[in-house]
Every structure is written in C-alpha cells, then in structure tokens.
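The residues making up each chain are set out below.
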Amino acid sequence: MTDKLRGRLLVASPSLEDANFARAVILMLAHSDEGALGVVLNRPTAADVDEILPRWRDLAAPPERVFRGGPVGVSSAICLASPRPGREADVASADGVDHTVAGLVSVDLERDPSVVASAIDGLRVFSGYAGWGAGQLEGELAVGGWIVVDPLPGELLTRDPDTLWERVLRRLGGLRAAYANAPPELSLN
C-alpha cells in the first residue's frame, strides 16, 4: 500500500469532527503502512510570504500568503512550486528541488531563489503539515471522514483557497456536491 494516496486530495466530509480539518482540502505527499503526510491547500494565514521569507516573495503564487499546512510541525516549512510548462527538466535538475506530487516540486527554501526563478510559475509555502500515524488515516477513511479525489491542476495552487472545498465537492456531483451547501456547524442545520 505504499503511497496509495500520494498526489490525491483528501476532502473533509461535513461529518469530520476534528476542528483542525473542518472543510479542509489536503494534498497527500506520502502514504504508507507507517503513516501519511499532506498539506492543507485552503488555509491561508494572515502572514505574507514577503514578511517571513522576503527572498521568495516574487515567486509566491497569489494569494501571496503563508498557508497553514496542518497542525504538525508548525515551526517547519514545506514549499511546493509549479514548474513552467516546458521547463520541468530545468526545475528537476536545479539544486534543492525534488519532484513531489501532482506535477508540483518541493523547493528547499534555504537555497537561492534565483536558481529556480525562471523555471517555476509560482510557489506556495506551508507552515506545518497534516500527519497520521500507522492506520490512523485508514480509520478516518473507513468512517467516511474524508473523500478521496484526484486533483485538477488549478486546484493545487489556487488563487481562491477560501472556496476550494466547495468547488471540489461541486465538481463531484450528486450527494457530494450537496455537501458544499452544508452549514459550517452541522448542529445549526
């Protein structure tokens, strides 16, 4: 089952009870028998990339905010970037860049931004990540806490993260599309 969910989205169902992930859309970076790791795509913070990492500000995808990637390791950062079409080989050969998932690459923020600047369309910085221990995510999936979806390219570094959860659900159609209209607090329904 190594990396079964890698590159896919986890979309929180309205019944998910963990407040850290209410209405979250998570890009899965790794998934194995030992656990899973991903970043929340729709939690921009109030902090501008320019405030935290000024050298990288010109490469940040709109909105140019640091995103809360999840509740684990919030003092660490994960940076994902979108290669320019036709420049994937240039990005892949750059020092401090690794292929990640879903057409994105991870970028080492300790490196000089000029090394990748001409080869990427934009990047996003995540403070922290979402993590699960062995079997934990499988348990949440079994009780319907998450909907597993393949991402569309425009969803990964979306300019409108505040509506991402609703947009992903609506494109699924049927009952899942109806979830997009659920009130944030189900008990208020």
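Residues numbered from 1 in each chain as written. Predicted model: local features only at pLDDT ≥ 70, side-chain atom pairs only at ≥ 80, totals over all residues. Heavy atoms only, no water.

(A) The arrangement of the side chain of Ser 13 in detail. Examined against the element boundaries, Ser 13 turns out to sit in the loop between strand 1 (9–12) and strand 2 (25–32). Here Ser 15 takes part through its side chain, which lies 3.0 Å from a polar atom of the side chain of Ser 13. Residues contacting Ser 13, with those up to four places away along its chain left out, are Gly 144, Gly 145 and Trp 146. (Helix = DSSP H or I, 4+ residues; strand = E, 2+ residues; numbered from the N terminus. Polar contact = N/O pair within 3.5 Å; in protein donor to acceptor, adjacent residues only side chain to side chain. Contact = heavy atoms within 4.5 Å.)

(B) Examining the pairing of strand 1 more closely. With burial as the criterion, each face of strand 1 is covered, one bearing Leu 9 and Val 11 and the other bearing Leu 10 and Ala 12. Taken together, the three bridges between strand 1 and strand 2 define a ladder with antiparallel strand orientation. Across the sheet, residue Leu 9 finds its bridge partner in strand 2, namely Leu 27. Summarising the sheet, strand 1 and strand 10 (residues 146–149) pair through four bridges and their orientation is antiparallel. Bridge pairing in strand 10 links Val 11 to Ile 147. (Buried < 20%, exposed > 50% of the residue type's maximum accessible area, 1.4 Å probe, protein only. Pairing = 2+ DSSP bridges.)

(C) Layout of the environment of Val 168. Along the chain, Val 168 turns up in helix 5 (residues 164–172). Looking at Val 168, the relative accessible area reads 0%, which means it is buried. Taking C-alpha positions, Val 168 is 7.9 Å from Val 11, a pair spaced 157 residues apart along the chain. Apart from the residues within four sequence positions on either side, Val 168 is in contact with Leu 9, Val 11, Val 149 and Glu 155.

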